[in-house]
Structure formats: structure tokens, C-alpha cells
Amino acid sequence: MGTLLTMSKINRRAFLAASAAAVPMLPVITSSAKATVKSNAKGGPIAISSGNGLPAVTKAVELMRAGSQPTEAVVQGVAIVESNPNDMSVGYGGLPNENGIVQLDSSVMDGPTHKAGAVAAIENIMNPAQVALKVLRRTDHVLLVGDGAKQFALAHGFKAEDLLTDKARKAWLKWKENLNPNDDWLDHDQHIEKDPRQARAEQLGIPYHYGTIHCSALDANGDLGACTTTSGLSYKIPGRAGDSPIIGAGMYVQNEVGSAGATGRGESLMQSCGSFQIVQHMANGDDPTQACLKVLKWIADHTKRKVLLNSKGQPNFGATLYALRKDGAYGCATMRGGAAFTVHDGTKARRERSAFLYEK
Ligand code: GLY
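What comes next concerns the included structure. (Residues numbered from 1 in each chain as written. Predicted model: local features only at pLDDT ≥ 70, side-chain atom pairs only at ≥ 80, totals over all residues. Heavy atoms only, no water.)

**With respect to a nonpolar patch on the surface**
Worth spelling out the cut-off: Residues form patches when they are more than 30% accessible in relative terms and have no salt bridge. Like charges link within 9 Å. Nonpolar side chains (Val, Leu, Ile, Met, Phe, Trp, Tyr) link within 5 Å. Every accessible area reported is derived by Shrake-Rupley at a probe size of 1.4 Å, with residue values counting cover from the shown protein chains alone. Here a salt bridge means any side-chain nitrogen of Lys or Arg lying within 4 Å of a carboxyl oxygen belonging to Asp or Glu. Each helix is a run of H or I in the DSSP string that is no shorter than four residues. Each strand is a run of E no shorter than two, and both are numbered from the N terminus.
Taken together, V142, L143 and V145 make up a surface patch of nonpolar side chains, about 220 Å² in accessible area. Here V142 shows up in the loop between α5 (128-138) and β4 (143-145).

The following block contains the structure:
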């Protein structure tokens, strides 16, 4: 970590020069970052989450007020969304893989102990974040995958359930019936304005996304916890794990600094160690929004395949990053056009608009 911090300091001038030369988005970084820090650095309890996380932040703050640790609070918070059949990005009702099977990914990290737990490609278990928390608490490991994760969950009393709802099955069937060269088996390399799989799903009138809910929380003692949970990329290749179960990619906590998480194209977040980078930028003095924007810029600079870039050379995929600093300052930034995220700052739960790297 020390190396990363030092390099970050050395490279700051180069980064700012490169940003100023390359992108017309610096006013966005400056104005929204400053506004965010001024308005909310007031300590815990506080929870932030993705756009689908209003019930999660509400529950997390309620539980922390009642004495729960932040890690327990975020896992119970996201469970509401995992169990909701109408949210097709996570848990029960999540969109299945290419074979019509729902495979879920999740990770949890606890600030005070710096322990993490995760499960990837787990089937038939509605609340994978709770299984990830069991991995954290009941094993000396961090990540369990596939059938091993399921057997571990069953051994701990979780129920096996069919997670494929009729709505998700019908969407998958339509997808399957309309397969064409724009599936996940990439066989071409040309600039593409918009993710062709997204465009095809829109044409078919079915949902398609990288889904996911992230939730980070800070309690009144200044302790942090985080959780990310998802059904992952819709209609994915069976066995594909995204960033959500990968510590440092889908979420990361360093109790003396802050917490971060991600939603969106998991491959880009794994290849950037996105959440780890955000926390290190905050350790180096960046406010949460600026830390998120720096990582999005890093991802954009390191996306090389034409098929992932539009004709302006910008990523054609989505990624949204969330950060919560130890003093209660929080921020969120998205690759393009801004996104809704949710926060409960101890007074009330609400939606806010994120900063962004590129205009829509
Ligand atoms: N970020 C969720 C996924 O890529 O699976």
C-alpha cells in the first residue's frame, strides 16, 4: 500500500495534466466533489448504497442505531433487496446465466477486524451476503465458490430454493431464442457505440444489466463495514464470477480510512482493483467523489479493446463507484451521465445524483 500511496503523490501532477488535456469533465470533478464533502462530513451512523438500495440504507442505519455492527447492518440491509423478486439484479428474481440458472456472487468486509468473506457462483441460496458473512465469521478463508459455497451454506442451515422467477425465466427464454453474434463469446474487435448486448435486450424489451447492490456503512464509533451482492451479468457464461465477490474489486474496507464499492461491468472493476484503489486515493487525501472519478479515469485509460470503446475512444460500458470516508463524507461517480445512488445520513434516507466522468 505504501508504494501505491507514494506513486499516487508522484503522479498527481501528471494525472491532473492528463485529465485536463484529455477530458472536458474537470468542472464536474471539482464542483460535485467539493459540494459533497462540505455537505455531509458529520460522522456516523451513515450508510450509502446503489440506486436500488433505499431499503438497505434505511435498515442499516436503523440496525446501527440499535447497536449492530456496520458489517451486520449492511448484510441485513441488502437482504431486503436480495429477497425481493422484483429486483432482477440480485438474489431471488435475479436474471440467470446463459443456461437459465441463477448464480449469485457476494462479498462482505468488516472494518475493525479487517476480515472478509465471499461466495461466487452460488446457486439456490437467496441471501448470498449472509453466506459471505458466515465465511467471514466461521472460517479461516475468504472465498468459497460454486457447489462448495452451496454445501457450506446448507451446512449452516440456509435453505435451498428455486431462485428463478417466471419473469426472469421468460426474459432469459427470449434472450435464448434471439441469440446472435453479440453474445459474451467475443469474436470481433471493432469500435462499438453502445454495448450490443444491451442494445439487443432493449430491442427485445427484456432486462439486461450488470445489476448489483452495494452498501457501505459507518457507525457512531467510526467503524466501517461493506457488502456487495449480485446475480451478476445477465445471461452470463455459466461459472462467470464478476467483481462483487472479489475483495478489492466489488468492495473494500480499511477501517482507518474508509469504505468503497462498485456496480457495473465487473471485468473492468476486477482489472482495476477498483474499490481498493478508491480507498487508497482517500488515504492519500482525495475526497470520496474525487477518488471515485480517479478510478473511473484509470479504468477508461486502461480499456484497450475496441469492442469496449466507442468511436471517441471512451468505454461504452457502465460502472458506478461508491465511497464512504471515516469522517462520514461520501461520494459516488459513474462512467457516463450520472446515476442515482442512495444515502441515509442519520436524518433520512434519500436518493442523490452521482458525479460522472463523461457526459451522456
Ligand atoms: N458488477 C457486477 C458484475 O459484473 O457481475
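Having put the structure on the table, let's press on.
**With respect to the site of the ligand**
This is how the line gets drawn: Nearness is defined per residue: one heavy atom within 4 Å of the molecule or strand is enough. Whenever a nitrogen or oxygen atom comes within 3.5 Å of another N or O atom, the pair is scored as a polar contact, on the condition that within protein one atom can donate a hydrogen and the other can accept it, and that pairs from neighbouring residues in sequence are kept only if both atoms are in side chains. Classes in brief: Ala, Val, Leu, Ile, Met, Phe, Trp, Tyr, Cys and Pro nonpolar; Asp, Glu, Lys and Arg charged; the others, Gly included, polar.
Around the ligand, a shell composed of Y210, T212, G232, L233, R240, G242, D243, S244, G264 and G266 is seen. Between a nitrogen atom of the ligand and a side-chain N or O atom of D243, the distance comes to 2.6 Å. Between the ligand and G266 there is a distance of 2.9 Å, counted from an oxygen atom to a backbone nitrogen or oxygen. In the complex, 100% of the free accessible area of the ligand, which totals 200 Å², lies under the protein chains. Grouping the constituent residues of the shell around the ligand by class yields 2 nonpolar, 6 polar and 2 charged.

**Side note on the sheet that holds strand β12 (residues 349-353)**
As a reminder, the rule being used: Two strands qualify as a pair provided that DSSP identifies no fewer than 2 bridges between them. Simply put, an axis is a line fit to the C-alpha atoms, just over the touching stretch for a helix, and the angle between two N-to-C directions goes from 0 to 180 degrees. Any pair of residues with heavy atoms lying within 4.5 Å of one another is described as a contacting pair.
Strand order in the open sheet formed by 8 strands is β4-β3-β2-β6-β5-β1-β11-β12, with mixed pairing between adjacent strands. Bordering the open sheet on either side are β4 and β12, each of which pairs with just one other strand. Each neighbouring strand pair of the sheet contributes to a mean axis angle of 15 degrees, computed without reference to strand direction. Two elements, strand β2 (residues 104-110) and strand β6 (residues 224-230), share 6 bridges in a ladder whose sense is antiparallel. In the strand pairing of β6, S106 is matched with T229. Those strands touched by helix α4 (residues 70-82) are β2, β5 (213-218) and β6, and its axis lies near 25 degrees from that of β6. This element, helix α6 (residues 146-155), spans β3 (115-122) and β4 of the sheet and lies at about 115 degrees to β3.

**Considerations on unusual backbone geometry**
Residue P45 is reached from G44 by a cis peptide bond, and omega for that bond is 0 degrees. For H114, which is not a glycine, the phi torsion comes out positive at approximately 55 degrees. With respect to the helices and strands, the residue H114 is situated in the loop between β2 and β3. Of note, N124 is a non-glycine position whose phi angle comes to about 70 degrees, a positive value. On the secondary structure map, N124 appears in the loop between β3 and α5.

**What about the nonpolar core?**
Cut-off, in case you're wondering: The term nonpolar core refers to a set of buried residues drawn from Ala, Val, Leu, Ile, Met, Phe, Trp, Tyr and Cys, joined through side-chain atoms within 4.5 Å. Working definition: with a 1.4 Å probe on protein chains only, accessible area under 20% of the residue-type maximum means buried, over 50% means exposed, and in between means partly exposed.
Counting 42 residues, the largest nonpolar core has I278, M282, L296, L321, L324, Y330 and M335 as the members making the most contacts within it. If you tally residues by element for this core, the top one is helix α11 (residues 288-301), at 7 residues. L296 has contacts with A319, L321, A333, T334, M335 and L357, leaving out every residue within four places of it along the chain. Counting residues in hydrophobic clusters, the runner-up holds 22 residues, among them A56, V78, V81 and C227.

**A few points about the packing of α4 against α5**
Heads up, the condition is: Relative orientations are named as follows: roughly parallel for angles under 35 degrees, roughly antiparallel for angles over 145 degrees, roughly perpendicular for angles from 65 to 115 degrees, and oblique for any other angle.
Running from N to C, α4 and α5 point in directions that differ by 155 degrees, and their axes come no closer than 8 Å. Looking at the two axes, α4 sits roughly antiparallel to α5. From α4, T71, E72, V75, Q76, V78, A79 and E82 reach across to α5, where they touch P128, A129, Q130, L133 and R137. Of the residues assigned to the contact of α4 with α5, the class counts are 6 nonpolar, 3 polar and 3 charged.

**Concerning α5**
By the burial criterion, the buried members of α5 are P128, A129, V131, A132, L133, V135 and L136. Considering only its buried residues, α5 is in contact with α4, β2, β3, β4, α6 and β6.

**Comments concerning the pattern of salt bridges**
With the rule as written, the count across this model stands at 10 salt bridges. Here K59 ties to E62 by a salt bridge, and the two come within 3.8 Å at their closest N and O atoms. With K59 and E62 both in helix α3 (residues 54-65) and 3 residues apart, the pair spans about one turn of that helix. The partner of R265 in a salt bridge is E267, with the nearest N and O atoms 4.0 Å apart. One salt-bridge network, in which partners are shared between bridges, spans R240, R265 and E267.

Note that every value here comes from positions in space, so none of it alone points to a role or purpose.
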